[in-house]
Structures are given as structure tokens and as C-alpha cells.
Amino acid sequence: MAPIPGRPAASPRPGCRSRGVPGRELVAPTVVAILGALAYLAFPDDLAFFTRIIVAALFVMSLDLVVGYCGVATLGHAVLYGAGAYAAGILCVDGLTDPLLLIAAGSVAGVVAGLVTALVILRAHGLPQLVLSIAVVQLAYEAANKARDITGGSDGLSGISPGPVFGLFEFDLWGRTAYVLALVLLIATLVVLRRVVRSPFGLLCRGIKQDPDRIRAIGGTIYGNLVKMYALSGAVAGLAGGLTAVTTGVVGLDSVSFEWSAEALVMLVLGGAGTLYGALVGAVVFTGFEHYVAAVDPYHWLFVVGALLIGVVLALPAGLGSLAAWLRRLLPQGAP
Amino acid sequence: MTAALEVQSLCRSFDGIVVADNISLSLAAGDRVALIGPNGAGKTTFVNLVTGTLKPDAGRILLAGVDVTAVSDVERVRRGLVRTFQITRLFPDMTVHEHLMLALLQRAEKTGRLFASLDSFKDAGAEADDLIAQLGLAPVADVKVRALAYGHQRLVEIAIAVALKPKVLLLDEPAAGIPHDEVLRIIEALERLPADLAILMIEHDMDLVFRFAERVIVLAAGKIVCQGTPEEVGRDPAVRAVYLGSYASRDRDALGPGPTVGRGRA
Ligand SMILES: Nc1ncnc2c1ncn2[C@@H]1O[C@H](COP(=O)(O)OP(=O)(O)OP(=O)(O)O)[C@@H](O)[C@H]1O
Ligand SMILES: [Mg+2]
């Protein structure tokens, strides 16, 4: 312990980036808004694909809340997403056509699915927890498959045709309305979630992830707080699911599958867990690879993704998103 | 006056090996007591039993006169029973300031707040800065603890405990693992703790014990073998025997009472 010269307490410290900078939490949403607008202008023919990326990004951000911020091990997160997708889809087929209400219903269904999942998998830790999460997603998959009268089973649920957004904006063939709606929801979610992870609750969850017993020793509880985070995560995953139902008009069994859960985890690791924007980066890179590489070589694209994943995990353990922080350090001091 | 902490006949064994053998002690507000004993005597186990991390086989624990034996560890913390860890247990990815914010907000029961920015808790922020300054940690306030010198980490352990404003504080070897010449920093920090706080300190560093404690309790093989002022305990041949390791080979009850040392419960 080197002797520390006495210094006044309350003076702001140089080099302190994490505190007291107002508006800092709006940087990432602004960047996303600008990139989103540029994509809209530059690639008007690819909007459906971009919408798919946004749905994936929302889903992976939702996963980041429980995996990256709370340290929960799950390969069953699609249960939360699928609940939202089916809820929105089924309600729409039954006659509720307002797209925002449908997405809200998807979000509520995601919360319920999140609570149920949390109740089961938070009983265990580590490997058993992972196995429980797989069991939960398999059960949900089978349930959706068996209930073909309402879900369409393996044929998928179709006939979802929502009305115009705010009664004004029809879902058009080019996917413009869908894309703008998705982008707005993504930005809003990003603003809210960045707020949450910087809140006292976010700090507590980071503590729970790093050492739950130490949290107990300062008087914090674990289970209730994790359930709460799961509910929030369910709201976001259900929103993503509802969004996909509304914008694509179909919901398939793959939306409650183990594969979709695993892909989300891959995207999260690729982009970097525990930062939110890493989830974005991972979703863009993975879905982009899927889209372009699979178009060139539909049989070997997963091979490329696998190689990329290995490269990233070995070279950048904190994910592709950490490249941004690395670049920022290269900038001259004093730059934002 | 009711004791801040009262422990009655606490017993616990692991696989038939007794690690807490009928331990009774009592701390009043403002007490400064040291618990010493050789390695493996059961000191940390005693702390774990009192905090509720471990369940006792028998015995009772009272906080401010209220039986908390059946109360959860978390609830005991909320009622003012706080401990530090022999081997530093901090959150490697959090800064010093974040540790203190977490402790202060937890104490104020505000860690459930989802949508409030941390920066908006100005009072907690100022209090955290105060504590950080008191312990001389200001220059490293925004450094993640994984990058801190171990001595600084020990100070953060103490700072967290202070931030929780306990009524009873159990310090498990606060100076463990840091060079002797830096122990002074720890001593200064301990001497600045609130006067009405009841403190039980486990410590091997005898300088620290003599400077800090008014009363010393000696534990060996899970049993209190003697207690008294530091001077009394220092003179007791039984204590020497314990520390020389010859204790185990002798019949416990055959140990004659030390000339000036009180035995059993005070
Ligand atoms: N969870 C456990 N299960 C089994 N045995 C345990 C457990 N915890 C502690 N022990 C045993 O209890 C005895 C007392 O351990 P304890 O850690 O309380 O000693 P201590 O007095 O704190 O020693 P030190 O000075 O080395 O910290 C040791 O023999 C230890 O091996
Ligand atoms: Mg110990």
C-alpha cells in the first residue's frame, strides 16, 4: 500500500469517466438512431432484413440482462421470446389488430414467461441451472407443438395481419413501417435499459453476479432481485417476440426453440456480455453473417460463424463490442 | 443495559469434530474485544455462526436482547450485525466508490430502484466520498478493486462495513495479508470507528490486539480457554501453551487457572 497523499474528498477526480457526466447515457441511443436512419436511406431494399436484426438485438439485450448483468446460465431464453410472439400472433388472429397493443401484449406474456422460467431455473446454479433452462425450453417447444389448434404447431401460426400503426401507418410491402417501428422500439428500449443498468438495482445485480454471498453480507437478497430482473428481461424478450409477429405476420416453432436460445447466447458472447451495446454488435454481426454468407454458401456459413466465434473468444474475450472501448483509448486524451 | 450481542452456549461440529464448543460471550455497545487463538481454533467458524452463514447445532444468539437464532443472515445484517472477511471479498469489477454506493444504498433499502440514476443519489454519493476520504482512499476512488493493492482492498472491506452503520461489527483479521508497517493504516481506520459500536476483532497481530482491545478472549479447539485484559491474557501460561501447540496434548481441565485471569463467561 503506497502512502497516499491526503486530498480533499468531494473534488471531482481527473480521469473519472463513470460518474457525474450528464447525458452520457444518451450517447449509445443517439448513435443507434443515426446508424438506423443511415441504413434506412442507404439500403431501402433491405429493410425487412434490418428489422430482423433489430428483433435479434432486442432479444439478445434481454438475454444480456440475466446473463451479462446477473450471471444466470441459460440456454432457454427463447421461452420468453416465443411467449411474446405467440401471444401477439394469437391475439391478432383472434381479432385484436392494433400493432402497439399486440406488442404490449407480447411484452406482458414475456414477463409471465420470465417469471415462470425464473421460478424454475433460479432454484439451481451453474451447470444444473443450464440443464434446467434447456428442459424448460424443450417443454415449451413441445407444448407449442401439441397445441396446434391455437399455435398452428409445426406449420406455424399465420394469418397475422395487424392494422396500421396509430391507425395511420399501414405495414407496407417494403417493410418501411415495420422498420421504423422496430427502430423506435429499439432506441426506446436502449434508453430504458441503459438507465436500469446504471441504477442502484443495476449495481446490486452486478454484485450478485460477482459474489452473491457478499451481497447477503451487506444485507441484500438474491432470489427476489433475480426474479425481478427476469421479469424485466421477459418484458424485452416478449416485446421482441411481439414485434416479430407483427412485422413478419408469422410465428413458427423456432421462436420457442433451443436453437434460437443458443444463437442468442452466441450473439451475446460474440458482441460482449454485460454492456448492452455488445448485444447490439453481436446481433448485427451474427445476423449479417447469416444473411450474406449464407446467401453465398448456404452449407458452410455456420462454419464461418464458428471460426469467427473462436477467433473472437480467444482474441477478444470481452467480445467485439470491446473493440469500441479499445479504439476510444487510442483517441487523444480529452476526447469524449 | 441489554447487550448489543449476546451468544449463549453456541455449539457446532463438522463430521464429529467440534469447532464451537459451548461458546458464550456478550458484547455491550462500545466494547472493543479481541478474539484470538491458533489457526483452526474456530474463530472464523464462530463469526459464521453468529452471522447466520452457518447454523449452530445448539445455542442462542441475541441481538439487542432479541433472539435471532432463527433469523436469516440477511435480516441479521439489517438489524445491525455486520462482518468483514478474513480473505477480502469484494466485487472485482466495481470501483471503490461503487462499493460504498452499493453498501449505502442497500442500507437505505434503495437497491430495488430500477429507473433512478445512481448519480441522482447525491447524499449517498457525498457520504461515500466522505468515507473514502477518511480512509485515505480518495486517489483510488474510481479504480476497480481488482487493480488495487491488497492493503487498499482491506481498507475497502472496512469501509463497506462502516457504510452499513452497524451496531455490532465482527472483524475477521482486518490486518491479515498486509505488511506489518502498513498495519498502522488499519489501526487508524479502526480507531476512528464510532465509539458506541460494539466490535469483536479476530486478530493474530498482537500489536494490533494490544492497541485496540480492552478485553481479549482466547479460543482453542472451539472452546474459550481464558479471557481478560490484554495484559492478563498475555501473562497466562494457558495461552502460551495454546500458542505453542502443546495445548492439544494436555488435558483441558487440568490447566490451572492463570494467576489473574478470569475464566468462562465474563
Ligand atoms: N464448512 C466446513 N466444513 C468442515 N470443516 C470446516 C468448515 N469450516 C471450517 N471447518 C474446520 O473447522 C476448523 C476451524 O476453522 P476456522 O476457519 O473457524 O478456524 P480459524 O480459527 O478461523 O483459523 P485461522 O486462524 O486459520 O483463520 C478447521 O479445522 C476447519 O478445517
Ligand atoms: Mg479464520
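Within any chain, residue numbers begin from 1 and follow the written order of that chain's sequence. Here the convention is simple: chains get letters from A, ligands get numbers from 1, in the order in which they are written. Owing to the predicted nature of the model, reporting of local features is limited to residues with pLDDT of at least 70; listing and counting of side-chain atom pairs is limited to 80 or more, with chain, interface and lining totals taken over all residues. Side-chain figures throughout are based on the complete set of non-hydrogen atoms in the structure, without hydrogens or water.

Draft legend 1. Inspection of the overall build of chain A at higher detail. Secondary structure summary: chain A contains 14 helices and 0 strands in total. We compute the radius of gyration over the C-alpha atoms and compare it with the globule rule, which gives 2.2 Å times the number of residues raised to the power 0.38. In terms of overall dimensions, chain A is globule-like: its C-alpha atoms have a radius of gyration of 21 Å, near the 20 Å expected for 336 residues. With the C-alpha coordinates aligned to their principal axes, the bounding extent of chain A is approximately 70 × 45 × 45 Å. Counting every position in chain A, which comprises 336 residues, the buried fraction comes to 49%. Contacts: residue pairs with any heavy atoms within 4.5 Å of one another. In chain A, 77% of the contacts between residues at least 6 apart in sequence involve partners at least 24 apart. To qualify as a helix, a DSSP run of H or I must reach at least 4 residues; to qualify as a strand, a run of E must reach at least 2; elements of each kind are numbered from the N terminus. Buried residues are those whose accessible area, probed at 1.4 Å on protein chains only, stays under 20% of the maximum for their type, while exposed residues exceed 50% and partly exposed ones sit between those limits.

Draft legend 2. Geometry of the packing of aromatic side chains. Here the aromatic set is Phe, Tyr and Trp, taking the six-membered ring for Trp, and pairing holds for ring centres within 6.5 Å; pairs whose planes are under 30 degrees apart are stacked, those over 60 apart are edge-to-face, and all others are tilted. Applying the stated rule across the entire model yields 8 aromatic pairs over all chains. Ring geometry for A:Y40 and A:Y179: centres 6.0 Å apart, planes at 20 degrees, overall stacked. Separated by 139 residues along the polypeptide, A:Y40 in helix α1 (residues 27-42) and A:Y179 in helix α7 (residues 176-197) bring together distant segments of the chain. Taken together, the ring pairs in this structure connect A:Y40, A:F43, A:F49, A:F50, A:Y179 and A:Y292 into an aromatic cluster. A ring is scored as having a charge over it whenever the NZ atom of a lysine or the CZ atom of an arginine sits within 6 Å of its centre and within 35 degrees of its normal. Just above the ring of B:F85 sits the side chain of B:R83; from NZ or CZ to the centre is 4.1 Å.

Draft legend 3. Inspection of the coordination of the magnesium ion (ligand 2) at higher detail. Residues and elements named next belong to chain B. Only N, O and S atoms count as donors, using a 2.8 Å cut-off from the metal and 3.2 Å for Na, K and Ca, and because water is excluded some sites may appear unfinished. Taken together, T44 (OG1) and Q86 (OE1) make up the full set of protein donors to the magnesium ion (ligand 2), lying 1.9 to 2.1 Å away. With T44 in helix α1 (residues 43-51) and Q86 in the loop between β6 (81-83) and α3 (96-107), this residue pair connects regions lying 42 residues apart in the sequence. Residue classification places T44 among the partly exposed positions, given a relative accessible area of 26%.

Draft legend 4. Looking closely at the environment of A:V281. By the secondary structure assignment, A:V281 is in helix α12 (residues 277-296). Distance in space between the C-alpha atoms of A:V281 and A:L268 is 8.5 Å, their sequence separation being 13 residues.

Draft legend 5. Spotlight on the nonpolar core. As used here, the term nonpolar core means buried Ala, Val, Leu, Ile, Met, Phe, Trp, Tyr and Cys residues forming a set that is joined through side-chain atoms within 4.5 Å. Formed by 152 residues in total, the largest nonpolar core has its most connected members in A:M61 and B:L190. With 16 residues, helix α2 (residues 47-67) of chain A is the single largest residue contributor to this core. Beyond its immediate stretch of four places on either side in the chain, A:M61 contacts A:L186, A:T189, A:L190, A:L193, A:L276, A:A279 and A:L280. By size, the runner-up hydrophobic cluster in this structure holds 27 residues, among which are B:L25, B:L49, B:V71 and B:L219.

Draft legend 6. Examining the interface of chain A and chain B more closely. Residue-level contacts link 37 residues of chain A with 45 residues of chain B. Here's the idea: put two parts together, see how much 1.4 Å probe accessible area each one loses, and the total over both is what we call buried area. Around 3,800 Å² of area is buried between chain A and chain B when both sides are counted, 60% of it from carbon and sulfur atoms. Any carboxyl oxygen of Asp or Glu that lies within 4 Å of a side-chain nitrogen of Lys or Arg is treated as forming a salt bridge with it. For the pair chain A and chain B, the number of links is 5 salt bridges. Across the pair A:D213 and B:R89 runs a salt bridge whose closest N-O atoms are separated by 3.9 Å.

Draft legend 7. Expanded view of the layout of surface pockets. All names here are of chain A. Only protein atoms enter the 1 Å grid used here. Points where a 1.4 Å probe fits but cannot escape make up a cavity, open sets with protein on both sides within 12 Å along at least five of seven lines make up a pocket, and a residue lines them when an atom lies within 4 Å of a point. Grid points are joined across faces, edges and corners, and a volume is the space filled by probe spheres set on the points. In this structure, the second largest pocket spans a volume of roughly 620 Å³. Along its surface, the second largest pocket is lined by 31 residues, and R52, V55, Y81, T244 and T248 are the ones closest to its centre. When contributions to the lining of the second largest pocket are tallied by element, the ones reaching two or more residues are α2, α3 (78-93), α10 (223-248), α11 (258-271) and α12. Sort the elements by how many residues they give to the lining of the second largest pocket and α2 lands first, with 5 residues.

Draft legend 8. Highlighting the pairing of strand β7 (residues 168-172) of chain B. All names here are of chain B. The buried count for β7 comes to 5 of 5 residues, which makes it a mostly enclosed element. Across the two faces of β7 the burial is the same, with V168, L170 and D172 and L169 and L171 all buried. Alignment of β6 against β7, held across 3 bridges, turns out to be parallel. Across the sheet, the residue bridging to R83 is L170, located in β7. Relative to strand β8 (residues 198-202), β7 runs parallel, the two sharing 5 bridges. Whether two strands pair depends on DSSP finding at least two bridges between them.

Draft legend 9. Region of the structure containing α3(B). Residue and element names in this part refer to chain B. In this scheme, a helix's expected span is set at 1.5 Å multiplied by one less than its residue total. Look at α3: 17 Å from first C-alpha to last across 12 residues, which is about the 16 Å you get at 1.5 Å a residue. Taking burial as the measure, the 12 residues of α3 include 11 buried ones, the bulk of the element. Restricting attention to buried positions, one finds in α3 the residues V96, H97, E98, H99, L100, M101, L102, A103, L104, L105 and Q106. Note on α3: the residue one or two positions beyond its end, E109, has a positive phi of about 55 degrees.

Draft legend 10. Summary view of the site of ligand 1. All names here are of chain B. A single heavy atom is enough: if one lies within 4 Å of a molecule or strand, its residue is considered near that molecule or strand. Near ligand 1 there are 13 residues, and of these G40, K43, T44, T45 and Q86 occur at the shortest range. One of the backbone nitrogen or oxygen atoms of G40 is found 2.9 Å away from an oxygen atom of ligand 1. Throughout this description, a polar contact denotes any pair of N or O atoms lying within 3.5 Å of each other; where both atoms belong to protein, one of them has to be capable of donating a hydrogen while the other can accept it, and for residues adjacent in sequence the pair is counted only when both atoms sit in side chains. Separating an oxygen atom of ligand 1 from a side-chain N or O atom of E173 is a distance of 3.4 Å. Relative to its free-state accessible area of 630 Å², ligand 1 is covered by the protein chains to the extent of 59%. For the shell around ligand 1, the element with the most residues is α1, which contributes 3 residues. Three categories are distinguished: nonpolar for Ala, Val, Leu, Ile, Met, Phe, Trp, Tyr, Cys and Pro, charged for Asp, Glu, Lys and Arg, and polar for the others, with Gly belonging to the last. Taken together, the residues that form the shell around ligand 1 break down as 4 nonpolar, 7 polar and 2 charged. Each accessible area value is a Shrake-Rupley result obtained with a 1.4 Å probe; residue values ignore everything except the protein chains displayed when judging cover.

Draft legend 11. Focus on the sheet that holds strand β4 (residues 58-63) of chain B. All names here are of chain B. The sheet built from 4 strands is open, its strands ordered β2-β1-β4-β5 with antiparallel pairing. Every interior strand has two partners, whereas the edge strands, β2 (17-27) and β5 (66-67), have only one. Pairing analysis gives 2 bridges linking β4 to β5, with the strands arranged antiparallel. Residue L63 lies in a different strand from β5, and its bridge partner there is V66. Fitting a line to C-alpha atoms yields each axis, with helices limited to the stretch in contact; the angle taken between N-to-C directions then spans 0 to 180 degrees. Strands in contact with α1 are β1 (5-14), β2 and β4; relative to β1, the strand with the most contacts, it is inclined by about 120 degrees.

Draft legend 12. Layout of a nonpolar patch on the surface. All names here are of chain A. Residues V27, V31, I34, L35 and L38 make up a contiguous nonpolar surface patch of about 460 Å² in total accessible area. Mapped onto the elements, V31 comes out in helix α1. A relative accessible area of 41% places V31 in the partly exposed class. Grouping into patches uses exposed residues only, defined as over 30% relative accessible area, and leaves out salt-bridged ones; the cut-off is 9 Å for like charges and 5 Å for nonpolar side chains (Val, Leu, Ile, Met, Phe, Trp, Tyr).

Draft legend 13. Quick look at the pairing of strand β10 (residues 223-228) of chain B. Residues and elements named next belong to chain B. Counted residue by residue, β10 has 5 buried out of 6 residues, so it is predominantly covered. Where strand β9 (residues 215-220) and β10 come together, 5 bridges link them in antiparallel fashion. Within β10, the residue paired with L219 across the bridge is I224.

Draft legend 14. Just the environment of A:I215, in detail. Mapped onto the elements, A:I215 comes out in helix α9 (residues 212-217). A relative accessible area of 0% places A:I215 in the buried class. For the pair A:I215 and A:V184, spaced 31 residues apart in the sequence, the C-alpha separation amounts to 36 Å. For A:I215, the contacting residues outside a window of four places in its chain are A:L204, A:G207, A:I208, A:G220, A:I222, B:F91 and B:L102.

Draft legend 15. Structural view of the pattern of salt bridges. Residue and element names in this part refer to chain B. Counting across every chain of the model gives 16 salt bridges over all chains. Measuring nitrogen to oxygen at the nearest pair gives 4.0 Å for the salt bridge that ties R83 to D172. Linking R83 in strand β6 with D172 in strand β7, this pair joins segments that are 89 residues apart in sequence. Per residue, the accessibility class of R83 equals that of D172, and both read buried. Note that R211 is salt-bridged to E191, the shortest N-O span being 3.2 Å. Here R211 is found in helix α7 (residues 206-212), whereas its partner E191 is found in helix α6 (residues 183-191), with 20 residues between them in sequence. Of the residues examined, R211 reaches a relative accessible area of 44% and is grouped as partly exposed.

None of the figures reported here should be taken as evidence of function without further support.
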